[in-house]
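Chain and residue survey
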Amino acid sequence: MTSSAVRELEPGIFIIDHKFQGVPGVIASYLLAGDNDLTLVETGATPNIETLLDGVRAAGYDPEDITQLAVTHIHLDHAGSAGVLMRRLPKTRLLVHPFGAPHMVDPTKLMASATRIYGDRMEELWGEVAPVPADRVDILEDGAHFQAGGRELVALHTPGHAAHHIAYHDLATNAVFTGDVGAVRLDSAPYVRPPTVPPELDLIAWRQSVERLRALNPSRFYLTHFGAFDDISWHLDDLFCRLFYWTGWTDVRLENESDTTVVCEQLRQLGDAEIVAACGDDRLVRPYEVATSYQMTVDGIARYLRKRRSQAEPARLY
């Protein structure tokens, strides 16, 4: 291989670094290579398509031989380039959650939701988000088995971060491609950050999804953000600790401060200090922010808390 953005993690599984926003180690795709097909897990964002395709070539394969794009969910950092890729790669089909499929075929509502979050940064961050041809979409129900790169994968519906979330379980190795239900952990750091983005955050569902993954006793996690991890039990414990601590912490501060930007800056001080304490320096402060920002963290938690309190029995919030 000729590119530092590509590594073979085990035979037939390559990690490709998108170098999103010029920052390495933030967004990954996984290329699964077998005798008869190539599958990409995650497509990333359209501005990074050339980096992604160059990564496939550096791994020794022709991108036009890619047969499947399996996305964990339809957020733009995971599936934003799918429609543009499918225009260029004629053999590909998109594998997606049934809730996400309509929004990939017609991304109008997806784009409207993203624009409310990202505003005038939409083009810079995500570029073109093109419709996916409906006749090239395969919907993955919970428990569906499919072949990918010579492996048998099982689609596991794992809501919490988003209602349309799937994790992929590799039956041969017992590894799991986690998407965002496995959270964010960069550069092998001993620090797991929960991406609690709006609008579909559901902490109760996330807890159940994590316990579903834990019950598999996985051998390895492949995180979209970012890389392979084998210390599964510790990783999930750290995710839970920070997910529910930050939720409670944010809840308390929102009682006295309605401006989420103020709470965001307070959380930034807390979170940056945690990163430095865990890693010994501040080199990962910016990459973690690029992967999942404090403002989205607070906005997602605030929306979740408001929604829960508006329901008939709001006592169990998190």
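Notes on the structure in this doc start here. (Residues numbered from 1 in each chain as written. Predicted model: local features only at pLDDT ≥ 70, side-chain atom pairs only at ≥ 80, totals over all residues. Heavy atoms only, no water.)

**Notes on helix 1 (residues 49–58)**
This is how it is decided: Residue burial is assigned from relative accessible area. The probe radius is 1.4 Å, only protein chains are included, and a residue is buried under 20% of its type maximum, exposed over 50%, and partly exposed in between. A run of H or I in DSSP counts as a helix once it spans at least four residues, and a run of E counts as a strand once it spans at least two, with each numbered from the N terminus. Only heavy atoms matter for contacts: two residues are in contact if any of them lie within 4.5 Å across the pair.
Where helix 1 is concerned, the buried positions are I49, L52, L53, G55, V56 and A58. As for helix 1, its buried residues are in contact with strand 1 (6–10), strand 2 (13–17), strand 3 (28–33), strand 4 (38–41), strand 5 (66–70) and helix 3 (82–88).

**Quick look at the pattern of salt bridges**
Heads up, the rule is: Salt bridges are identified by distance alone: a Lys or Arg side-chain nitrogen within 4 Å of an Asp or Glu carboxyl oxygen.
What the rule picks out here adds up to 21 salt bridges. With a closest N to O distance of 3.1 Å, D65 and K91 form a salt bridge. One end of the pair, D65, is in the loop between helix 1 and strand 5; the other, K91, is in the loop between helix 3 and strand 6 (93–96), with 26 residues separating them in the sequence. Note on D65: relative accessible area 34%, which makes it partly exposed.

**Concerning the packing of aromatic side chains**
The criterion, for reference: When the centres of two rings from Phe, Tyr and Trp lie within 6.5 Å, Trp using its six-membered ring, the rings pair. Their planes under 30 degrees apart give stacked, over 60 give edge-to-face, and anything left gives tilted.
What the rule picks out here adds up to 10 aromatic pairs. Taken together, a centroid distance of 5.5 Å and an interplanar angle of 20° make the contact between F20 and W126 stacked. Here the residue F20 occupies a position in the loop between strand 2 and strand 3, and W126 occupies one in helix 6 (residues 122–126), the gap between them amounting to 106 residues. The exposure class assigned to F20 is buried, which follows from its relative accessible area of 4%.

**Things to note about a positive patch on the surface**
Definition in use: Nonpolar side chains (Val, Leu, Ile, Met, Phe, Trp, Tyr) are joined into patches within 5 Å and like charges within 9 Å, using only residues with over 30% relative accessible area and no salt bridge. Note that accessible areas follow from Shrake-Rupley with a 1.4 Å probe, and for residues the cover is restricted to the protein chains shown. Charge counting treats Lys and Arg as positive and Asp and Glu as negative, with His and both chain ends excluded. Positions of charges follow a simple convention, taking NZ of Lys, CZ of Arg, CG of Asp or CD of Glu.
A contiguous patch of positive charge on the surface is contributed by R116, R303, R306 and K307. If you trace the backbone, K307 turns up in helix 11 (residues 294–309). Take K307: its relative accessible area is 46%, and that puts it in the partly exposed class.

**Here we look at the sheet that holds strand 11 (residues 175–179)**
Picture the strands of a sheet paired through backbone hydrogen bonds; they go either parallel or antiparallel. Quick note on the threshold: The pairing criterion is simple: DSSP has to find at least two bridges between the two strands. Every axis in this analysis is a line fitted to C-alpha atoms, fitted for helices over the stretch in contact. Angles between the N-to-C directions lie between 0 and 180 degrees.
The strand order across the open sheet formed by 6 strands is 8-9-10-11-12-13, and the pairing between neighbours is mixed. Taken across any chain shown, the strands that pair with only one partner, and hence form the sheet edges, are strand 8 (145–148) and strand 13 (227–229). On average, adjacent strands in this sheet sit at an angle of 30° to one another, irrespective of strand direction. In terms of strand pairing, strand 8 meets strand 9 (residues 151–157) through 4 bridges, oriented antiparallel. When the sheet's bridge partners are listed, Q147 is paired in strand 9 with E152. Running over the sheet, helix 7 (residues 203–215) touches strand 9, strand 10 (166–170), strand 11 and strand 12 (220–223) and is turned about 150° from strand 9. Across the face of the sheet, helix 8 (residues 232–254) comes into contact with strand 12 and strand 13 while running at roughly 50° to strand 12.

**Some remarks on helix 11**
Our working rule: Each helix should span, by expectation, one fewer than its residue count multiplied by 1.5 Å.
Here helix 11 contains 16 residues, and its C-alpha end-to-end distance of 23 Å stays within 8% of the 22 Å for a straight helix at 1.5 Å per residue. The elements touched by buried residues of helix 11 are helix 5 (108–118), helix 7, helix 8, helix 9 (260–279) and helix 10 (285–291).

**Brief notes about the nonpolar core**
In a soluble, globular protein the nonpolar side chains are often hidden away together inside. Quick reminder of the rule: Nonpolar core, defined: a set of buried Ala, Val, Leu, Ile, Met, Phe, Trp, Tyr and Cys residues in which side-chain atoms within 4.5 Å join the residues together.
Counting 80 residues, the largest nonpolar core has Y30, L94 and Y168 as the members making the most contacts within it. Counting residues in hydrophobic clusters, the runner-up holds 25 residues, among them A183, I232, L239 and F244.

**Some words on the pairing of strand 5**
Applied cut-off: By convention, orient the strands away from the viewer: a clockwise path from the first strand over the helix to the second makes the crossover right-handed.
Among the 5 residues of strand 5, 4 are classified as buried, and the element is accordingly described as predominantly covered. Of the strand pairs in this sheet, strand 4 and strand 5 are connected by 4 bridges, and their pairing is parallel. Note that in strand 5 the partner of T39 across the bridge is Q68. As for the winding sense of the linkage, the β-α-β connection from strand 4 through helix 1 to strand 5 is right-handed. Relative to strand 6, strand 5 runs parallel, the two sharing 3 bridges. Bridge pairing in strand 6 places Q68 opposite R93.

**What to know about the environment of L270**
Within the secondary structure layout, L270 lies in helix 9. A residue is classified by how much of its surface remains accessible, and L270, at 21% relative accessible area, is partly exposed. Taking the C-alpha atoms as reference points, L270 and W246, separated by 24 residues in sequence, lie 9.6 Å from one another. Leave out the neighbours within four places in its chain, and L270 touches Y245, W246 and W249.

**Some points on unusual backbone geometry**
Going from P198 to P199, the amide bond is cis rather than trans, its omega being 5°. With respect to the secondary-structure elements, P199 resides in the loop between strand 11 and helix 7. In the segment running from H225 into F226, the intervening peptide bond is cis, with an omega of 0°. Take F226: it is sitting in the loop between strand 12 and strand 13. Positive phi, normally seen in glycine, also occurs at A183, with a value near 70°. Along the chain, the position of A183 falls in the loop between strand 11 and helix 7.

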